[in-house]
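# A look at the structure
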Amino acid sequence: MDAAFHGFGPEVFAWFAGLERDNSKAYFNANRERYETEVRGGLQAMLEELGRTFGGEVTLFRQQRDLRFAPAGSPPYKTRTYGLLHGVHGPATALYAQLTAQGLYAGTGYHQLARDQLERFRTAVVDERAGPRLAELVATARAGGLEVVGESLRTAPRGYPRDHPRGELLRHKALVAGRSLSGTAGIGRDEALEHVASAWRAAEPLNAWLDEHVGASTMERRLG
């Protein structure tokens, strides 16, 4: 198998569109070679090449859903292929990239805060030095074209005022920054590498804040 990264042709995104229409073992097996070489293989090659610049180790996740933890009747395959570069910035962050029918997404941050991390995060958000700095970093990231998202509560967490000036941040249970690149017509090698690398670099100040004020969890948890 060619281990070099050549970009993602339009057939990669057509593969995902086909999987969305027919999420079955029959479709997957009939198109397995494209998945192995151009979809998963392409993403692996891209992350390996970026790893030579950013460092870290590549992890790719299974395409098959773990149906033991899924509602009855769930489709057997995920409609995204995604992976990480681990061990680049800090103890808890990872650099993330995924392919879907829509294109290529690159992001980074804390995708799920464990209970101990959540406590430290909220303490830092209300701190009158760390909190305003985070709000500034989020605003800068958004102004630079990143989408800053993460699972959120509907209202302020218990024990915090609903009208807190950083109430939006307080509601977060995760914080991730990234951006997408449309891929229906294909994405060339240089364009893909630049998109992912620039998104990761633009999120570095936000990651640095999270590493300083939140850090890794000491609680055992299962990767999804």
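Data block above holds the structure.
Quick summary incoming for the structure in this document.

### Focus: the environment of Gly215
Tracing the backbone through its elements, the reader meets Gly215 in the segment after helix H8 (204-213). Gly215 sits 194 residues away from Arg21 along the chain, and the two C-alpha atoms are 41 Å apart.

### Notes on the pairing of strand E5 (residues 103-110)
When you tally the buried positions in E5, you get eight out of eight residues, the bulk of the element. The loop that links strand E4 (residues 94-99) with its antiparallel partner E5 comprises three residues. Of the pairings in the sheet, the one linking E5 to strand E7 (residues 175-182) comprises eight bridges and is antiparallel in character. Residue pairing across strands places Gly107 opposite Gly178, the latter belonging to E7.

### Description of the packing of helix H4 (residues 115-126) against H8
Remark: H4 packs on H8, axes separated minimally by 9 Å, with the N-to-C direction vectors making an angle of 110°. As the angle between them shows, H4 and H8 are arranged roughly perpendicular. In this structure, H4 crosses over H8, and the sense of that crossing is right-handed. Seen from H4, the contacting residues are Arg120, Phe121 and Ala124; seen from H8, they are Trp209, Leu210 and His213.

### Considering the pattern of salt bridges
Summed over the entire model, instances satisfying the criterion amount to 10 salt bridges. Of the charged contacts, one joins Arg120 and Asp116 as a salt bridge, the two residues approaching to 3.7 Å between their closest N and O atoms. With Arg120 and Asp116 both in helix H4 and four residues apart, the pair spans about one turn of that helix. Residue classification places Arg120 among the partly exposed positions, given a relative accessible area of 30%. The residue Arg133 makes a salt bridge to Glu136 at a minimum N-O spacing of 2.8 Å.

### Concerning the side chain of His164
Counting through the fold element by element, His164 comes out in the loop between strand E6 (147-149) and helix H6 (167-170). Discounting residues that sit within four places of it in the chain, His164 has contacts with Val125, Val126 and Leu170.

Cut-offs and rules
Residues numbered from 1 in each chain as written. Predicted model: local features only at pLDDT ≥ 70, side-chain atom pairs only at ≥ 80, totals over all residues. Heavy atoms only, no water. Helix = DSSP H or I, 4+ residues; strand = E, 2+ residues; numbered from the N terminus. Buried < 20%, exposed > 50% of the residue type's maximum accessible area, 1.4 Å probe, protein only. Pairing = 2+ DSSP bridges. Axes fitted to C-alpha atoms, helices over the stretch in contact; angles between N-to-C directions. Parallel < 35°, antiparallel > 145°, perpendicular 65-115°, else oblique. Left-handed = near helix turned anticlockwise from the far one by under 90°. Contact = heavy atoms within 4.5 Å. Salt bridge = Lys/Arg side-chain N within 4 Å of Asp/Glu carboxyl O.

Geometric descriptors of this kind do not, in isolation, establish any biological role.
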